[in-house]
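An overview of the molecular structure
Next come the chains, spelled out residue by residue.
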Amino acid sequence: MGNGGAVLRCAVFASGGGSNFQALIDRKNAGDLHVEFALLISNSSKAYACERARQNGIPAVHLSEKQFETFEAFSTRLMDLLDEYKVDLIILAGYMKKLPCELISKYRMKILNIHPALLPAFGGKGMYGKNVHQAVLDYGAKVSGVTVHFVDEEYDQGPVILQRTVPVLDNDDAETLAARVLTLEHDSYWRAVEAVAGGNVHIEGRRVAGEV
Ligand code: GAR
């Protein structure tokens, strides 16, 4: 992608605790990740991700479709907000809400998501948080992991940027597996963001090639 050498301005979308958001902030502060965090958007004012933004001097905006009469009105405000903050790249970090189609279309290959399993298995509707890990255990899979992918109109189906694995252990429950995957998420997302922001990947059909 690249941006003529300028540092990309990112909006992070988060619904919950935002530990992935924090891991990105930490990598930026460590000098490993070269982006600007322009703002944090959350559908929940109580999300701890909002507090993390404030602690790090990043504007936090609570924006939910519930605040609007129609989904279209919500979508318009969201798009305006991204324009106001001159956002180049959108990073979904535990964002559990549907994105407007017009946003996906405007920011094509500029929206990243992290999913706590190896897509296309254990993805799609209802597959978020603990549900994912319970489904992996119920299936009896021997490995799970992390997928970072571009977001398109199909839920959890955009081109894959990065995948890494963890073992599923005999004595795992959803909580222990989630913790192992989350640790790997924290060490993975920044790598994918850095590769995309640095213009180190290119997309050929569904395949994302390059150094991540
Ligand atoms: C992460 O495990 C992320 O992969 C998952 O939600 C968690 C958010 O944790 N996302 C999904 O399930 C999306 N389908 P965090 O708020 O601590 O970053």
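Above this text you will find the structure in question.
Note that the structure is predicted; figures quoted are calculated from it, not measured. (Residues numbered from 1 in each chain as written. Predicted model: local features only at pLDDT ≥ 70, side-chain atom pairs only at ≥ 80, totals over all residues. Heavy atoms only, no water.)

**Looking at the overall build of the chain**
Secondary structure assignment for the chain yields six helices and nine strands. Its C-alpha atoms give the chain a radius of gyration of 17 Å, near enough to 17 Å, the size a compact globule of 212 residues would have. Taken along its principal axes, the extent of the C-alpha atoms in the chain is 50 × 40 × 35 Å. The buried share of the chain, reckoned over its 212 residues, is 46%. Contacts in the chain between residues far apart in sequence, at least 24 positions, make up 64% of those at least 6 positions apart. As displayed, the chain has an accessible area near 10300 Å², and 49% of this comes from carbon and sulfur atoms. In the chain, which carries 22 positive and 26 negative side-chain charges, the distance between the mean positions of the two groups comes to 1 Å. (Helix = DSSP H or I, 4+ residues; strand = E, 2+ residues; numbered from the N terminus. Rg over C-alpha atoms; globule rule 2.2 N^0.38 Å. Buried < 20%, exposed > 50% of the residue type's maximum accessible area, 1.4 Å probe, protein only. Contact = heavy atoms within 4.5 Å. Areas by Shrake-Rupley, 256 points an atom, 1.4 Å probe, with all protein chains shown as cover. Lys, Arg positive; Asp, Glu negative; His and termini not counted. Charge placed at Lys NZ, Arg CZ, Asp CG, Glu CD.)

**Quick look at the site of the ligand**
By nearness alone, 14 residues border the ligand, and Gly18, Ser19, Asn20, Gly129 and Glu185 come closest of all. A distance of 2.6 Å separates an oxygen atom of the ligand from a polar side-chain atom of Ser19. Within the backbone of Asn20, a nitrogen or oxygen atom sits 2.9 Å from an oxygen atom of the ligand. Relative to its unbound accessible area of 450 Å², the ligand is 89% covered by the protein chains. Those elements that provide at least two residues to the shell around the ligand are helix 1 (19-29), strand 5 (111-115) and helix 6 (174-197). Tallied by class, the residues present in the shell around the ligand amount to six nonpolar, seven polar and one charged. (Near = heavy atom within 4 Å. Polar contact = N/O pair within 3.5 Å; in protein donor to acceptor, adjacent residues only side chain to side chain. Nonpolar A, V, L, I, M, F, W, Y, C, P; charged D, E, K, R; others polar.)

**Focus: the packing of aromatic side chains**
In total, this model carries five aromatic pairs according to the counting rule given. Between Phe21 and Phe37 the ring centres are 6.1 Å apart and the planes differ by 85°, which places this aromatic pair in the edge-to-face class. With Phe21 in helix 1 and Phe37 in strand 2 (residues 36-42), this pair connects stretches of sequence that are 16 residues apart. One aromatic cluster in this structure is built from Phe68, Phe71 and Phe74. (Phe/Tyr/Trp six-rings, centres within 6.5 Å; stacked < 30°, edge-to-face > 60°.)

**Side note on the environment of Tyr107**
Looking at where Tyr107 falls in the secondary structure, it is placed in the loop between helix 4 (101-106) and strand 5. On the accessibility criterion, Tyr107 (5% relative accessible area) is buried. Tyr107 sits 18 residues away from Leu89 along the chain, and the two C-alpha atoms are 7.6 Å apart. Residue contacts for Tyr107: discarding those within four places in its chain leaves Leu82, Asp83, Val87, Asp88 and Ile90.

**Some details on the sheet that holds strand 3 (residues 60-62)**
Strand order in the open sheet made by the seven strands is 3-2-1-4-5-6-7, with mixed pairing throughout. This sheet does not close on itself; its edge strands, each paired only once, are strand 3 and strand 7 (160-167). Neighbour-to-neighbour, the strand axes of the sheet open up by a mean angle of 20°, direction not taken into account. Helix 3 (residues 71-84) contacts strand 1 (9-13), strand 2, strand 3 and strand 4 (89-92) of the sheet and is inclined by roughly 160° relative to strand 2. (Pairing = 2+ DSSP bridges. Axes fitted to C-alpha atoms, helices over the stretch in contact; angles between N-to-C directions.)

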